[in-house]
Amino acid sequence: MFTAASIGISLRDGVSSPEELLRNADTAMYQAKARGRDRHAVFDQAMRDRVVALLQLETDLRRALSRAPIQLPEFQLRYQPIVALETRRIIGFEALVRWQHPDRGWIDPAEFIPLAEDTGLIVPLGQWILQEACEQLRSWQAQFSHCLPLSMSVNLSTKQFTQTNLMEQVHQILQQTQIRGLTIDLKLEITESAIMENPDKARALLQQLKELGVKLLIDDFGTGYSSLSYLHRFPFDMVKIDQSFVSGMDSRNDQSEIVRAIVSLAHTLDMKVIAEGVETVAQLTQLQALGAEYGQGYLFAQPLSAEAVEAMLGSIAP
Ligand code: C2E
Ligand code: MG
Ligand code: MG
């Protein structure tokens, strides 16, 4: 058996009670754990401020999500177009959530999704996102029939993926929004880490989702642990190459080689490729040469409001 200790240290200076001294030591200990465990951390006021700020954000998130139904303007979805690299035709969108905090303004998902996961609030939030994105797609399919086929990609967090009633949620939403009858429409984006938590369970769940007619995408590919050896064991339809590889393509040869390897692996396994974070024409040209099918990034469009998407689709000639 191997043991290790994370130690939090607090000093008596300026501390007014034994409880405060212990509380500070406790805060410092969590910092030590967060920094990688088996180490020590000395308390300082900035740590306390961070904890308080996080707690405040958590309280605000709870408040925002306790309103039923969840509604505008606190949470909104942005939609980033995904295009075919060869023709630049829009083939669909990725839904990306934003939170408009009453005091702090727009907050990025990188900040509140982990908090929503830790507190379990991701369940109602995730359900709303899925529902909202599907309804939006259905309405665009009806309104812009000359742009079909269009699909919608929705991100699933680790908790959402491992939570028990995901299947029912997806099934119910697909029925409600009646998008099953049309061409394949819903894509779910799942990260490697979500799968690696419990690979056997994940495989079974992915299989069931696939049977519902949903397409499965592996998100941020190349940044997790599973990578090459695991990819063929799961029924993914597409691989999203993480933007950290794409962004280095025009300046660093090794990054291009990684992208080449991922594209060729994906194709060998009969999966299509979406390149994330395409920002320059040079990257686009390289990706086309490597045979990547799809891309998304600021070169084509930022994540857009629903109104901006409608203006964009409306301007495409039938
Ligand atoms: P992701 O799924 O990999 O989403 C792509 C992120 O890259 C988005 O950030 C998008 O705005 C950004 N991006 C797009 N094009 C470019 C580009 O050309 N250059 C650069 N530098 N960035 C680009 P965003 O919206 O801040 O989302 C961050 C992450 O938060 C997402 O990464 C996803 O993991 C998570 N997330 C976003 N929306 C949701 C959601 O509705 N549910 C869940 N569970 N997670 C979400
Ligand atoms: Mg994604
Ligand atoms: Mg990604």
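Residues numbered from 1 in each chain as written. Chains lettered and ligands numbered in written order. Predicted model: local features only at pLDDT ≥ 70, side-chain atom pairs only at ≥ 80, totals over all residues. Heavy atoms only, no water.

Turning our eyes to something else, we now look at the pairing of strand 9 (residues 238-241). In strand 9, alternate side chains face the same way, and those of Met 238 and Lys 240 on one face and Val 239 and Ile 241 on the other are all buried. Relative to strand 9, strand 8 (residues 215-221) runs parallel, the two being bridged by three bridges. Within the sheet, the bridge partner assigned to Leu 217 lies in strand 9 and is Met 238. Sheet topology note: the strand 9/strand 10 (residues 272-275) ladder contains four bridges and is parallel. (Buried < 20%, exposed > 50% of the residue type's maximum accessible area, 1.4 Å probe, protein only. Helix = DSSP H or I, 4+ residues; strand = E, 2+ residues; numbered from the N terminus. Pairing = 2+ DSSP bridges.)

Let us now look at the packing of aromatic side chains. Taken as a whole and assessed by the stated rule, the structure comprises seven aromatic pairs. An angle of 50 degrees between the planes, with centres 6.4 Å apart, marks the rings of Phe 234 and Phe 236 as tilted. As far as the burial class goes, Phe 234 and Phe 236 line up, both buried. A network of ring pairs unites the aromatic residues Phe 75, Trp 99, Phe 112 and Trp 128 as a single cluster. Residue placement shows Arg 78 over the ring face of Trp 106; its charged tip is 5.3 Å from the ring centre. (Phe/Tyr/Trp six-rings, centres within 6.5 Å; stacked < 30°, edge-to-face > 60°. Lys NZ or Arg CZ within 6 Å of the ring centre and 35° of its normal.)

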